[in-house]
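Here are the chains, one letter per residue:
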Amino acid sequence: MEKGHPATYDEVQKIHLLYFNIVKKRYWWFAISLLIIIPGIVSLFLHGLNLGIDFKGGTMIDMNFNKAVTQAGITDTMKSVGLDGPVQLSDGNTSALIRTEALEEVKRNELLTALQTKVGEYDKLGLKEDKVGPAMGQELTRNAFMALIIAMGLMIAYISFRFQFVFAISAIIALLHDVLVVVGLFSLFQWQIDASFVAAVLTIFGYSINDTVVIFDRIRENEAKMKRGDSYEDMVDKSVWQTMQRSVNTVVTVLIALFSVYILGGESTKVFALAMLIGVFSGAYSSIFNASQILVEIKKHMKNLRGKGGEVVRV
Amino acid sequence: MRRGNILKLVALVLLVAAAVGLSIKPLTDAKGIPLGLDLRGGVHLILQAEPNKNGTPITNNEMDKAKAIMAKRVNDLGVSEPIVQVDYDKKRVVVDLAGITDPDKAVDILKTTARLTFKDPEGNIVLQGDELKDARAGQGQDSNQGYVVNLTFSADGTQKFADLTTKYVGQQIGIYLDDKLLKNPKVEIPITNGQAYIDHYATLEAAANDAVLMRSGSLPVSMSIAEKRQVGASLGIDSLHKSIRAGLYGLTFIFLFMLVFYRLPGVVADFSLIVYGLIVLWVFWMFRVVLTLPGIAGFILSIGMAVDFNIIIYERVKEEVRAGKSLRAGVESGFSRAFITVIDAHVTTFIAAMTLYYFGSGSIRGFALTLAVGIIASLFTAITFTRLVLRLVVGISAKMKTTWFGVRREV
């Protein structure tokens, strides 16, 4: 091997044992993405998301009874004070998760007293209660959308400034892909979402684009070194492979962190960790297999539009 | 072999080890990083000011007054680091009481308007609670009085109360807290010293609760609870332990991964991670960032992300070495080229964190803040610490094997 020169396309191919041409097979990657996204979108239109009280408003009480209780016992007690709502039992039927309308303090105290006398003693220090008024829920949804749009705008601006507008558009499409995968899967499986889901989606937003930018950074660097007649596709393929090890290793470390939170972190961070796990995985996929390929696609169309087949697209 | 570099490295390792050892206590004791209510129990309330019945808009002045009164009541509850904030736009007061033992009582006291009024026999209000100087709970002088709240009027109030008790000698004056009749005493003789009491409380606690309300004054607007998050103390501790365990396992596996994959630089990365963790925790401590459950999740996540900088650099160094550079030159050019990449990549995550902070509320904000602090700290650690250590390591010997850096070079 000749010394003292940046790696050539051939050398990059040789280093990676599993090398295959990622850019050429791009329609396959797009197809895989659509295969996951389309059912998600359909489900989103048909069933929407399973919204928790953070969005809809309501009261959620998580309580641990001193001995096993029955679902009927709790439901009947709720009815006796004029309330209804789903009850979930866990931990050998000693732990109950009660959801109902947003309760005023008086009503809430009435319910807790009734539960104590009719169902059984519960651990007062282990009580968890969330009450969200309906107005607060609407505000959360509105803020979530605002945050997404503004974050997207800022990122387009930043990437356009640091790279080119087409890079920004490609990155944002890959990003929307990740958001759609996460939201779509949550809709398909009807997993209930809470406020932390919004945080997860926005973090995915920031994190997945981070992955994409690292690859784009390499494309930017290699693009500047392109000679007349070099193929843009090959250059992109080379760039993706040059950053492959980094893309894989980073995603592994982040997934390790998320798995620990998901498995060991307790109930209240589960939704967040699950959304993040899906999002980070999808983000890594879209960064490697979609973002640069979309860029190639857009550049190719721009070249065709100019109508000069021989011209090398360079900026 | 450069002895100096080895000595410096050993000194650095000892220094970091000492810093870790010395940090544990100040970061975790009573004055350590404040824990949010989801980690030690407590209650978070958003109180919404209800529109006035006569349709006049609620003024900022009224909101300030409401906030001041809430703060007074909160202080009487004896919470260590209470947070009382007002949102003028949305006419809300946000109250965070972490570590409170009886959240139900706190909620009860905070949401009460507590308008203390004295009414004449016809039911007209003749004197209001704002004329009070103080209200204290105590034991009644006679044993059959039970517990009492002793009232002291202001100078103005004393005058008014004297006039009032002169006018209504022989009649009854009703004392109300909101709509609740506390006492309906018959005025025997005019009271001119500005002292009065309300007796027959069953417990000292009940008297004390009312005294707090009377003393803090009445809210200028009535408040409803728009949001309430209550976590029992034992549940909070349980969450804290679970999060710490998740963090330790996550950290251990990331350590192992870096070690197995990157060998010698992996050790440097792990070492930098410890420094990174210390910096983040001390920043939290310094700025009194309240650590919440999502905050810890954000911190663990940021550890996963912080390694990213090392990975980008090491991969770059590998490339430089494969391209024929020496390890030392590889590290230098690897660093300077990776730096641009890292900045561009992290600015985007930072944008997301800032947007989240701006639009988020409560615990989401805690998460956004941890993430943002994490990004800045990881950049800082990488440029200063990681770079220094890596330079020292490759400086030890010019004949250092590139396989220690995970590079298989075919020569």
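Please read all numbers here as calculations on a predicted model, not as lab measurements.

Cut-offs and rules
- Residues numbered from 1 in each chain as written.
- Chains lettered and ligands numbered in written order.
- Predicted model: local features only at pLDDT ≥ 70, side-chain atom pairs only at ≥ 80, totals over all residues.
- Core = buried A, V, L, I, M, F, W, Y, C linked by C-beta atoms within 7 Å.
- Buried ≥ 20, exposed ≤ 12 C-beta atoms within 10 Å, placed from the backbone.
- Contact = placed C-beta atoms within 7 Å.
- Pairing = 2+ DSSP bridges.
- Helix = DSSP H or I, 4+ residues; strand = E, 2+ residues; numbered from the N terminus.
- Axes fitted to C-alpha atoms, helices over the stretch in contact; angles between N-to-C directions.
- pLDDT = per-residue confidence, 0-100.
- UniProt positions renumbered as here; feature names shortened; annotations may be inferred.

## Focus on the nonpolar core
Line of reasoning, step 1. Of all hydrophobic cores here, the largest spans 202 residues; its most connected members are A:Ala171, A:Leu202, A:Ala275 and B:Val95.
Line of reasoning, step 2. Those residues in contact with A:Ala275, other than ones at most four positions away along the chain, are A:Val182, A:Phe186, A:Phe197, A:Ala200 and A:Val201.

## Quick notes on the sheet that holds strand β10 (residues 195-201) of chain B
All names here are of chain B.
Line of reasoning, step 1. Spatially, the three strands line up as an open sheet ordered β6-β7-β10, and their pairing is antiparallel. Of all strands in the sheet, those with a lone pairing partner are β6 (132-139) and β10, marking the two edges. Geometrically, the sheet is characterised by an average inter-axis angle of 20° between neighbouring strands, direction not taken into account.
Line of reasoning, step 2. Looking at chain direction, strand β7 (residues 147-153) and β10 are connected through five bridges and run antiparallel.

## Description of the confidence of the model for chain B
Line of reasoning, step 1. When pLDDT is averaged along chain B, the result is 86, and 98% of the positions lie at 70 or above.
Line of reasoning, step 2. The ipTM for the predicted assembly is 0.86, set against a pTM of 0.85.

## Focus on the interface of chain B and chain A
Line of reasoning, step 1. On the side of chain A, 63 residues touch chain B, which itself brings 61 residues to the contact.
Line of reasoning, step 2. Where the side of chain B that touches chain A is concerned, the elements lending two or more residues are α4 (103-111), β11 (223-231), α7 (233-286), α8 (293-322), α9 (327-359) and α10 (363-395) of chain B.
Line of reasoning, step 3. Looking at the side of chain B that touches chain A element by element, the count peaks at 15 residues for α8(B).
Line of reasoning, step 4. As paired elements, strand β5 (residues 128-132) of chain A and β11(B) share five bridges and run antiparallel to each other. Its bridge partner lying in β11(B), A:Lys128 is registered against B:Val231.

## Some words on the UniProt feature "transmembrane region" (unreviewed entry) in chain A
Line of reasoning, step 1. Those places that UniProt annotates as "transmembrane region" (unreviewed entry) correspond, in this numbering, to residues 27-46, 140-159, 166-189, 195-216, 248-265 and 271-296 of chain A.
Line of reasoning, step 2. With 100% helix and 0% strand, residues 27-46 of chain A has end C-alpha atoms that lie 28 Å from one another.

## Here we look at the UniProt feature "domain: Protein export membrane protein SecD/SecF C-terminal" (unreviewed entry) in chain A
Line of reasoning, step 1. Here, the residues flagged by UniProt with the feature "domain: Protein export membrane protein SecD/SecF C-terminal" (unreviewed entry) are residues 118-300 of chain A.
Line of reasoning, step 2. Between the end C-alpha atoms of residues 118-300 of chain A there is a gap of 72 Å, over a span that is 80% helix and 4% strand.

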